[in-house]
Amino acid sequence: MVIKKLIILSALLCFFIGSRAQNCSVPNRVFKPGESVTYKVYYHWRFVWVESGEVSFAVSECKYHGIPSYYFVGMGHSYAKYDWFYTVRDTFQAYVDTFGYTPLRFTRYSNEGPTHVKNDNLFDDIHHKVYCYTGNRTTDYKRDSINIPACTFDPLSGIYFVRNIDFSKAKINDTVPLTLYLDNKIYHIHIRYMGKETEDTKLGRFRCIKFNVSLISGTIFKEGQEMSVWVTDDNNRVPVYIEAPIIIGSVRAELLSFSNLRNAMDAKVK
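Now for a description of the structure that goes with this document. (Residues numbered from 1 in each chain as written. Predicted model: local features only at pLDDT ≥ 70, side-chain atom pairs only at ≥ 80, totals over all residues. Heavy atoms only, no water.)

## A few points about the overall build of the chain
Point 1. A tally of helices and strands in the chain yields 2 helices and 14 strands.
Point 2. The burial tally for the chain puts 49% of its 270 residues in the buried class.
Point 3. The long-range share in the chain, meaning contacts at least 24 apart out of those at least 6 apart in sequence, stands at 55%.
Point 4. As presented, the chain carries roughly 13100 Å² of accessible surface, and 53% of it is formed by carbon and sulfur atoms. (Helix = DSSP H or I, 4+ residues; strand = E, 2+ residues; numbered from the N terminus. Buried < 20%, exposed > 50% of the residue type's maximum accessible area, 1.4 Å probe, protein only. Contact = heavy atoms within 4.5 Å. Areas by Shrake-Rupley, 256 points an atom, 1.4 Å probe, with all protein chains shown as cover.)

Okay, structure coming up:
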């Protein structure tokens, strides 16, 4: 459960509201096909941080029904020593048009304890709709559709989108409205710029840009809470830390490894 929530949490950073007619995409300057990053996930309860699992993200190129596309994959799993208590094996996939950065398809396959969910979402950018197909191991897909505003992104494609946004002119506490499609619903949230900090990790020290993201209230989060995110202050904008409060304790993801970055990792302090 913790793994899935971290994937969703990190994705909440990633959506910029605007109009497709005004071209709300941005040129990709920060990632390339072949990039891979991995995070270790911790759960904090009663003053103890417990290593609970890992989340990885990878990007490649493909043609989706003839359209040149980015193919994003996010995978999360609990460590084997916790599987007896709660097994997590989650896979998220997204296809995005490389020209206009338009979401084309988003899938989620979640195996979390006794819960098994298959979720397939097809984006129709012309009619501003998402066609949703949801099922599990024992039932057929249930079909549905939902109207979406222009410039709505699925969680996974949004992670890479936000890394290309220029924060150089942002001031402390400046906010940007965000639109998120998740589990057949639309959410309007915001990102709050918090300045720059230097963070220590197991990989060394990194100069970072910090911002907070409003969280969706429900069974995991309380209303009004925000998640904190630190990304490298260089041309890669790789998330280094992600930390969020939950109803009981908090969760954190820390950068464990990275490879095939598009640009030099200039944010690492030598």
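Next comes the rest of the description.
## Thoughts on helix α2 (residues 155-162)
Two residues of an α-helix separated by three or four positions point the same way, owing to the 3.6 residues in each turn.
Point 1. Within α2, 8 of the 8 residues are buried, which leaves it mostly tucked inside the rest of the structure.
Point 2. Where α2 begins, the side chain of aspartate 154 points an oxygen toward the backbone nitrogen of leucine 156, at a separation of 3.1 Å. (Polar contact = N/O pair within 3.5 Å; in protein donor to acceptor, adjacent residues only side chain to side chain.)

## Topic: the packing of aromatic side chains
Point 1. What the rule picks out here adds up to 17 aromatic pairs.
Point 2. Ring geometry for phenylalanine 167 against phenylalanine 211: centres 5.5 Å apart, planes inclined by 20°, an arrangement best described as stacked. Of the two residues, phenylalanine 167 sits in the loop between α2 and β9 (175-182) while phenylalanine 211 sits in strand β11 (residues 204-214), which places them 44 residues apart along the sequence.
Point 3. Given the relative accessible area of 2%, phenylalanine 211 is considered buried.
Point 4. Taking 6.1 Å as the distance between ring centres and 80° as the angle between the ring planes, the aromatic pair formed by tryptophan 230 and tyrosine 241 counts as edge-to-face. Of this pair, tryptophan 230 sits in strand β12 (residues 226-232) while tyrosine 241 sits in strand β13 (residues 239-245), placing them 11 residues apart in sequence.
Point 5. When its relative accessible area of 9% is taken as the criterion, tryptophan 230 is described as buried.
Point 6. Lying over the aromatic face of tyrosine 42, arginine 252 brings its terminal NZ or CZ to 4.7 Å of the ring centre. (Phe/Tyr/Trp six-rings, centres within 6.5 Å; stacked < 30°, edge-to-face > 60°. Lys NZ or Arg CZ within 6 Å of the ring centre and 35° of its normal.)

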